[in-house]
Structure formats: C-alpha cells, structure tokens
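So the chains spell out like this:
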Amino acid sequence: IYFKITMLRPISYNLDYYWMRTSRPQPSLKDRSDYFIAQEQHMPANRYSWWHFTAYIFYMTLYIAGPIVSFNAFVSQVYSPQKTYTLRDLTKAMIKILVVMLGLNIFLHYIYYYAFNEHDMWKKFRGYDVAITGYIVLNFMYVKFL
C-alpha cells in the first residue's frame, strides 16, 4: 500500500506528463475500451497541475480498495460527469450518511462498550451479557468502518 502511494503514482503522473510534453504518438484508439482511450489520450497541459497531482496521490479510494489507475485515466474521469445517480439519489445518500454518523457519535457519547475490554468488566458478565455486548460491539465496528 505505501509503495503504491509513494512511488507508483508519481511515476504514472511523470510518465504521462513526459509523454504529453514530448508528443508521443498515440496508439490506434479504434475499437478500444473507454478506459484504454482515457488512459492513452493526452490531457491538455493545464490538467497537469499541482492540484490534479495531489488529488491523484491522495484520492482515498485508490489506495484503500481500488486498482492503480494512470493519471490520464484519473483526470479524464474527474472531468466526465457521472450519469448513474440523480441529484435526488445523491441527496438521499448524503442524508443517510449524516444520520449514521450522528447516530455513531450519540452511541459513543452515551454508551461505553469499548471500556468493557479495557477494564476486563466482561469477565464478570454471564454468557447472555457477553453475547449481547459482543453483538453490539460488532455492530459498532461495522458502522465505524462503513
């Protein structure tokens, strides 16, 4: 994971920038996938900026669960509008995320399940209490890492 962040992404940015500056001939894009076209087409020179570079380096999805994407493909996806979700769908999703985060903060403020492990209080519980506590802690961890 750290190698991808520290080395492979800057190399991808620099190679794409170099190929754009030297006017490297582009391969034939006929009958190619959209990703291949986005990857091989040179971007305008103003898109090889510091802000695009830092956005590419620190884009969370790519280094947590995503594949390595070339800089050209990343920037072309940034500038192409998404057509899958409507504004209403995005608003509903944002409200849902905010409600979950508010619930998580309220849960953490009033219920101290993480303290049971720190002070070995769970050793004094009966089997049913340990099961319920474990279930609640698992649900908390699920919501925490959503």
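Treat the numbers as computed from the prediction; the structure is a model and nothing was measured.

**Q** Before we go on, may I ask you to explain the overall build of the protein chain in this structure?
**A** When its secondary structure is counted, the protein chain shows eight helices and zero strands. Secondary structure elements in the protein chain, listed N-terminal to C-terminal, are α-α-α-α-α-α-α-α. Against the globule reference of 15 Å for 146 residues, the protein chain gives a C-alpha radius of gyration of 23 Å, more extended than a compact globule. Along the longest, intermediate and shortest principal axes, the C-alpha atoms of the protein chain span 70 × 40 × 30 Å. Counting every position in the protein chain, which comprises 146 residues, the buried fraction comes to 22%. Long-range pairs, those at least 24 residues apart, make up 57% of the contacts in the protein chain with a sequence separation of at least 6. Here the protein chain has roughly 11500 Å² of accessible surface; of this, 65% comes from carbon and sulfur atoms. Side-chain charges of the protein chain comprise 15 positive and 8 negative groups, with the mean position of each set lying 3 Å from the other.

**Q** Teacher, can you tell me more about the nonpolar core here?
**A** In a soluble, globular protein the nonpolar side chains are often hidden away together inside. Counting residues in hydrophobic clusters, the biggest one holds 10 residues: Y13, M20, M43, Y48, F53, Y56, I57, F71, F74 and V75. Listing elements by their share of this core, those giving two or more residues are α1 (2–21), α3 (50–58) and α5 (71–79).

Cut-offs applied
Residues numbered from 1 in each chain as written. Predicted model: local features only at pLDDT ≥ 70, side-chain atom pairs only at ≥ 80, totals over all residues. Heavy atoms only, no water. Helix = DSSP H or I, 4+ residues; strand = E, 2+ residues; numbered from the N terminus. Rg over C-alpha atoms; globule rule 2.2 N^0.38 Å. Buried < 20%, exposed > 50% of the residue type's maximum accessible area, 1.4 Å probe, protein only. Contact = heavy atoms within 4.5 Å. Areas by Shrake-Rupley, 256 points an atom, 1.4 Å probe, with all protein chains shown as cover. Lys, Arg positive; Asp, Glu negative; His and termini not counted. Charge placed at Lys NZ, Arg CZ, Asp CG, Glu CD. Core = buried A, V, L, I, M, F, W, Y, C linked by side-chain atoms within 4.5 Å.

Geometry only, nothing functional implied.
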